[in-house]
Amino acid sequence: MMELRKLERKEHIRTRALWEAVFTEDSPEFLDYYYKVKTAENEIYVIEEDGEIVSMIHLNPYQMRMGDEIYQTHYIVAVATKESLRGRGLMRNLLTHVLRVMKERGEPFTFLMPAAEAIYKPFGFAFIYEQKRGYVTGKESTDESLAFRLATEVDCKRIAEFANEFLKSYDVVAWRDAAYYRTLLAEQESENGGILLAERNGKLSGVFCFTRGERLEIREPLCENRDILEYAVRYLTGNETERAFCTGYGEETKPVIMAKILHPEMAGDFLTKKVFLNEVV
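Parameters and conventions
- Residues numbered from 1 in each chain as written.
- Predicted model: local features only at pLDDT ≥ 70, side-chain atom pairs only at ≥ 80, totals over all residues.
- Heavy atoms only, no water.
- Helix = DSSP H or I, 4+ residues; strand = E, 2+ residues; numbered from the N terminus.
- Expected span 1.5 Å × (residues − 1).
- Buried < 20%, exposed > 50% of the residue type's maximum accessible area, 1.4 Å probe, protein only.
- Arc of directions from axis to C-beta.
- Phe/Tyr/Trp six-rings, centres within 6.5 Å; stacked < 30°, edge-to-face > 60°.
- Contact = heavy atoms within 4.5 Å.
- Polar contact = N/O pair within 3.5 Å; in protein donor to acceptor, adjacent residues only side chain to side chain.
- Salt bridge = Lys/Arg side-chain N within 4 Å of Asp/Glu carboxyl O.

*Asks:* Just checking my understanding: could you explain helix H3 (residues 90-104) for this structure?
*Replies:* Spacing of three or four residues puts side chains on the same side of an α-helix, whose turn is 3.6 residues. Look at H3: 21 Å from first C-alpha to last across 15 residues, which is about the 21 Å you get at 1.5 Å a residue. Of all the positions in H3, only Leu90, Leu94, Leu95, Val98, Leu99, Val101 and Met102 are classed as buried. Angularly, the buried residues of H3 cover 160 degrees about the axis, an arc narrow enough to put them on a single face. Immediately downstream of H3, the backbone of Gly106 shows phi near 85 degrees, a positive value.

Shown next as structure tokens:
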């Protein structure tokens, strides 16, 4: 017998087996982080068959700034169904249910990073954010006033203030506070990375989230100019020949985030304007 329900928080760990079976690219270290940090605050809806979780959707909370107002929204992740039960409408049932829940709560929109556009387009999702991306080669800094160091949790409040100021020209953006960056720092560290800071005379000039997997990847570089990004790459690689792959900066663009408007009177106009959404989890 199939049952759709919202898990209690103490049950969240039960979904890890399905995650590991479906998303085989994710490392044990990342999942250790996710199930320690993210599932302590998110919502997980599942379909169970005879007590076994066979399909799931995670709703991860994010505060989004639209114009001058801040709204609670949820980012949809880990949409997964047991392989032997795919094609039976389980994901459709779950997605329809959580969309109704979020709409009834008054959330203006929800968003996700799709495996394929065709999966979510029938549910009213559309791309709202094209992400810049490309490779950047490092170069030795000629700016003696600029210093680099790795961030710690103590820096998270400063980083949030810098980021909110840096991104103030965007109409829709994830609102950052110290907790946002503490979580992000833990996520980067789970992937053998961290957050690199560029400082000039004690004042932040750049913030670079980075991971080290098969390649060095810099995510969401926030900096005054390309020179600082290139200096950061040189600092992280230790040489001037190795490149870093950057998301959020570069010459190429790729649609990466889709959204569904739940309340057009709140979000309709904003999502057609200037949007900045990183590949959040």
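*Asks:* Honestly, the packing of aromatic side chains in this entry has me stumped. Any pointers?
*Replies:* Aromatic ring pairs are described here by two measures, namely the spacing of the ring centres and the angle between the planes. This model, assessed by the stated rule, comprises 17 aromatic pairs. For the pair Tyr34 and Tyr35, a centre-to-centre distance of 5.4 Å together with 70 degrees between the ring planes defines the contact as edge-to-face. For Tyr35, a relative accessible area of 10% corresponds to the buried category. Residues Tyr62 and Tyr180 carry aromatic rings whose centres are separated by 6.3 Å and whose planes lie at 75 degrees to one another, so their mutual orientation is edge-to-face.

*Asks:* Which parts of the structure should I look at to understand helix H7 (residues 226-237)?
*Replies:* Helix length check: H7 (twelve residues) gives 17 Å between terminal C-alpha atoms against 16 Å at 1.5 Å per residue, within 8%. For H7, the tally of buried residues reaches nine of twelve residues, placing the bulk of the element in the interior. Next to the buried residues of H7 lie strand S6 (126-137), strand S7 (146-150), strand S9 (194-200), strand S10 (203-212), strand S11 (216-223) and strand S12 (243-247). Looking at where H7 begins, the residue whose side-chain oxygen comes 3.1 Å from the main-chain nitrogen of Asp227 is Asn225. Following H7 by one or two positions, Gly238 adopts a phi angle in the positive range, close to 80 degrees.

*Asks:* Which parts of the structure should I look at to understand the pattern of salt bridges?
*Replies:* When the charged atoms of two side chains lie near each other, side chains of opposite charge can form a pair. Tallying each qualifying case throughout the model produces 30 salt bridges. Between Arg105 and Glu43 there is a salt bridge, and its shortest N-O distance comes to 3.0 Å. Residue Arg105 is found in the loop between H3 and strand S5 (109-112), and its partner Glu43 is found in strand S2 (residues 43-49); the two are separated by 62 residues along the sequence. Residue classification places Arg105 among the partly exposed positions, given a relative accessible area of 39%. The class for Glu43 is buried, based on a relative accessible area of 11%. Put simply, Lys157 and Glu161 hold a salt bridge, and the shortest N to O gap is 2.6 Å.

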